[in-house]
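# Remarks on the overall topology
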Amino acid sequence: MANSKYEYVKSFEVEGEVMPPNLIVVHIDRRDFRRFSEVHEFEKPDDEKALNLMNQCAMAVLEEYPDIVFSYGYGDEYSFVLKKTSKFYQRRSSKISSVIVSFFTSVYVTKWKEFFPLKELRYPPSFLSQIVCCASLEILQAYLAWRQRDCHVQNQYNTCFWELVKKGGKTEMEAQEILKYAKEQDRNELLHQQFGINYNGTLALFRQGTCIFKTEVEDIVKYNEDGTPVKRLRRKAGIFRSENIAGRRFWNAHASLLKELGNFSEDCFKTNPDYIRSFLFESKLMPSTWIVIRIDGCHFHRFADVHEFNKPNDKQALGLMNLCAEAVLEEFHDIVFCYGVSDEYSFVLKKDSQLYQRRASKIVSAIVSFFSSMYVMKWKDVFRKKELKYPPSFDGRAVCYPSNEILQDYLAWRQVDCHINNQYNTCFWSLVKSGKSKSEAQNYLKGTQAREKNELLLKEFGINYNTLPLMFRQGSSIFRVKRENPTLLENDASSVEKTETKIVTEHCNIIEQSFWEAHPSILD
């Protein structure tokens, strides 16, 4: 990031580091799963395809991030456990939480057609995530026992509920009333006596959930000249199930878990959810302050190279980022302003926002996940002839700014950064395309000032920097505006003025006070 007089705003950023030897668990679950499952007509009480899609996403997460050594999921949630020695993202909670939920979401959208080839994905799925900071292996054991117990209780209840509705002829309210005080044994008897279902004989996928972790397996790495396979042992993610994933018998039977996390010395028979929840790594953002959620593309240099984006700027790629940001503004009404450049976007929430009770992890993960989902879904609309070769991911952070002036300075910092980086990159890629190597171009530009770069572009390449597209030089600002829309009355030639709110994307100077004076409603 470039140096400028606005650099001081970085002092408001706080890194939430999970200190060792605490074990890090990332828990994700879907936003508004009930509506999503109804819109997409998932089978009740369990949709096997939907669960297998979740499992494939978790499998992809384990393959992508070697520090994740164990995962457990059911329904619309998954938990990812990092090895005890992990230094992933320097153990910064927001980075870890956001990048995992972003990648999971991107894979979910990417793989949707594999599991639902005849079903259209009608709107972007998104997930929430948060960190559980396990102070000891015993806390992790209790956490896993709690989640698997929850899997069983929810699945047993839902199985009874939907049998009563589908086959018993009950309304949903009547089914709720019947099950209101029913205990576990009562529900088993209801299923057996009324519907002939042995609950313990139903699919383990539904009752027990799914564990995914890596084990050593023999795999073919190549073939000899005579056609015989050459096999080697390699670590590969696989799916496992057990009635008690927190039991010593299951856990201690797997060498990889013992090595990366440790062994369970005793079985866990009782769990206290409130006690386990106390280990949630959660911070509430300061009240009456502007909240900025800044997201950045992960390893986007590689992503841009693989997808052959134009250098120094790809108009289509920037347009895709803007489409995603517009959708975020549409989805989250507390966001009043967005500013983006290259592979980053900043989303400003109003000062009195109570979105997710101002819990940082929830807000960051919701926005990052939704943005990632939109990016994959909109890819084909923007790049009609270009295949998305692998799922993109973004990380995010939340920062609070106490006053309008400091918020404006933050946005000015980002726009100054946009200009400086774009001017440098325009010179750099012009030099590379002219025949210089990347290291030669870097050395050529080392120590040059803005005026010298402009002269280089004009004299050597005939480029007047100040005439380049504003989107490249000033980034993109997205916000709502109120406009009067004249509407004709029925059976009358007269009209009335009707106010409507519209989302606009502009490429303009947001450093000057004149922009904010022209749009006072943004900071009002």
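Scoring rules and cut-offs
- Residues numbered from 1 in each chain as written.
- Predicted model: local features only at pLDDT ≥ 70, side-chain atom pairs only at ≥ 80, totals over all residues.
- Heavy atoms only, no water.
- Helix = DSSP H or I, 4+ residues; strand = E, 2+ residues; numbered from the N terminus.
- Buried < 20%, exposed > 50% of the residue type's maximum accessible area, 1.4 Å probe, protein only.
- Contact = heavy atoms within 4.5 Å.
- Areas by Shrake-Rupley, 256 points an atom, 1.4 Å probe, with all protein chains shown as cover.
- Lys, Arg positive; Asp, Glu negative; His and termini not counted.
- Charge placed at Lys NZ, Arg CZ, Asp CG, Glu CD.
- Pairing = 2+ DSSP bridges.
- Axes fitted to C-alpha atoms, helices over the stretch in contact; angles between N-to-C directions.
- Salt bridge = Lys/Arg side-chain N within 4 Å of Asp/Glu carboxyl O.
- UniProt positions renumbered as here; feature names shortened; annotations may be inferred.
- Core = buried A, V, L, I, M, F, W, Y, C linked by side-chain atoms within 4.5 Å.
- Domains from an automatic or database assignment.
- Buried area = accessible area lost by both parts, 1.4 Å probe.
- Nonpolar A, V, L, I, M, F, W, Y, C, P; charged D, E, K, R; others polar.

Right, let's get into the overall build of the chain. Looking only at helices and strands, the chain has 18 helices and 13 strands in total. For the chain, the C-alpha atoms occupy an extent of roughly 85 × 85 × 45 Å along the three principal directions. Relative to its full complement of 524 residues, the chain shows a buried share of 52%. Excluding contacts between residues fewer than 6 apart, the proportion of contacts in the chain whose partners are at least 24 apart in sequence is 72%. Summed over all atoms, the accessible surface of the chain reaches about 26500 Å², with 48% contributed by carbon and sulfur. Of the charged side chains in the chain, 71 are positive and 69 negative; the average position of the first set lies 3 Å away from that of the second.

Let us now look at the sheet that holds strand S4 (residues 127-134). Spatially, S6-S5-S2-S3-S1-S4-S7 is the arrangement adopted by the seven strands of the open sheet, whose pairing is antiparallel. Only two strands of the sheet have a single neighbouring strand rather than two, namely strand S6 (229-240) and strand S7 (280-281). Two elements, strand S1 (residues 23-30) and strand S3 (residues 77-82), share five bridges in a ladder whose sense is antiparallel. If you follow Asp29 over to S3, its bridge partner there is Glu77. Where helix H3 (residues 93-115) meets the sheet, its contacts fall on S1, strand S2 (68-74), S3, S4 and S7, and the angle it forms with S4 comes to roughly 140 degrees.

Let's shift gears to the side chain of Arg473. The topology assignment puts Arg473 in helix H17 (residues 470-474). Although Arg473 is buried, it forms no salt bridge, and the closest oppositely charged side chain is Glu512 at an N-O distance of 12 Å. In contact with Arg473, other than residues within four places in its own chain, are Cys418, His419, Asn422, Tyr465, Asn466 and Leu468.

Counting across every chain of the model gives 22 salt bridges. A salt bridge links Asp67 to Lys83, with the nearest nitrogen and oxygen atoms 3.9 Å apart. Of this pair, Asp67 sits in the loop between helix H2 (48-64) and S2 while Lys83 is found in the loop between S3 and H3, placing the two residues 16 residues apart along the sequence. The exposure class of Lys83 is partly exposed, given its relative accessible area of 23%. Arg414 is the salt-bridge partner of Asp417, the closest N and O atoms lying 3.0 Å from each other. Separated by three residues within a single helix, Asp417 and Arg414 lie in helix H14 (residues 404-433), roughly one turn from each other. For the residue pair Asp417 and Arg414, the accessibility class agrees, reading buried in each case. Via salt bridges that share partners, Glu13, Glu15, Arg92, Arg294, Asp296 and Arg397 belong to a single interconnected network.

For the rest of this paragraph, the subject is the UniProt feature "domain: Thg1 C-terminal" (unreviewed entry) in the chain. Look at the UniProt record and you will see "domain: Thg1 C-terminal" (unreviewed entry) annotated at residues 139-222 and 406-512. The straight-line gap between the two end C-alpha atoms of residues 139-222 is 43 Å; of that span, 63% is helix and 15% is strand.

With that settled, consider the environment of Leu164. Positionally, Leu164 belongs in helix H4 (residues 137-166). Leu164 gets classed as buried once you look at its relative accessible area, which sits at 2%. Between the C-alpha atoms of Leu164 and Ile367, which are 203 residues apart in sequence, the distance is 38 Å.

Most of strand S11 (residues 394-401) is tucked away, with seven of its eight residues classed as buried. As judged from the eight bridges shared by strand S8 (residues 290-297) and S11, these two strands associate in the antiparallel manner. Bridged to Trp290 within S11 is Tyr401.

Note that soluble globular proteins tend to have their nonpolar side chains buried in a common cluster. Within the largest apolar cluster, 85 residues are counted, with the highest numbers of intra-cluster contacts made by Phe80, Ile100, Phe104, Phe347, Phe371 and Tyr375. No other element matches the 13 residues that helix H13 (residues 360-382) contributes to this core. Looking at which domains feed residues into this core, each of domain 1 (17-210) and domain 2 (290-487 + 495-522) supplies at least three. Sequence-distant contacts of Tyr375, defined by excluding residues within four places in its chain, comprise Phe300, Phe303, Phe309, Leu320, Met321, Cys324, Pro392 and Phe394. Counting 30 residues, the second-largest nonpolar core is a separate cluster that includes Val81, Ile139, Leu144 and Ala145.

This part is about the domain arrangement of the chain. Under the domain assignment used here, the chain contains domain 1 (17-210) and domain 2 (290-487 + 495-522). Taking only C-alpha atoms into account, the centre of domain 1 sits 34 Å from that of domain 2. Counting residues at the interface gives 25 residues for domain 1 and 24 residues for domain 2. In total, domain 1 and domain 2 occlude about 2000 Å² of area from one another, counting both sides; carbon and sulfur atoms represent 56% of this. Contact with domain 2 buries surface across domain 1, with Arg31, Pro124 and Leu128 losing the most and accounting together for 25% of the total. Our enumeration of links across domain 1 and domain 2 arrives at two salt bridges. A salt bridge links Asp395 to Lys95; the nearest nitrogen and oxygen atoms lie 3.1 Å apart. Taken together, the elements giving at least two residues each to the side of domain 1 that touches domain 2 come down to H3 and S4. In terms of residues, the side of domain 1 that touches domain 2 owes the most to one element, H3, which gives twelve residues. Taken together, the residues of the side of domain 1 that touches domain 2 break down into 13 nonpolar, nine polar and three charged.

On to the UniProt feature "domain: tRNAHis guanylyltransferase catalytic" (unreviewed entry) in the chain. Mapped onto the present numbering, the UniProt feature "domain: tRNAHis guanylyltransferase catalytic" (unreviewed entry) falls on residues 6-134 and 274-402. Between the end C-alpha atoms of residues 6-134 there is a gap of 38 Å, over a span that is 36% helix and 22% strand. Taken as a whole, residues 274-402 contains 40% helix and 24% strand, while its terminal C-alpha atoms sit 33 Å from one another.

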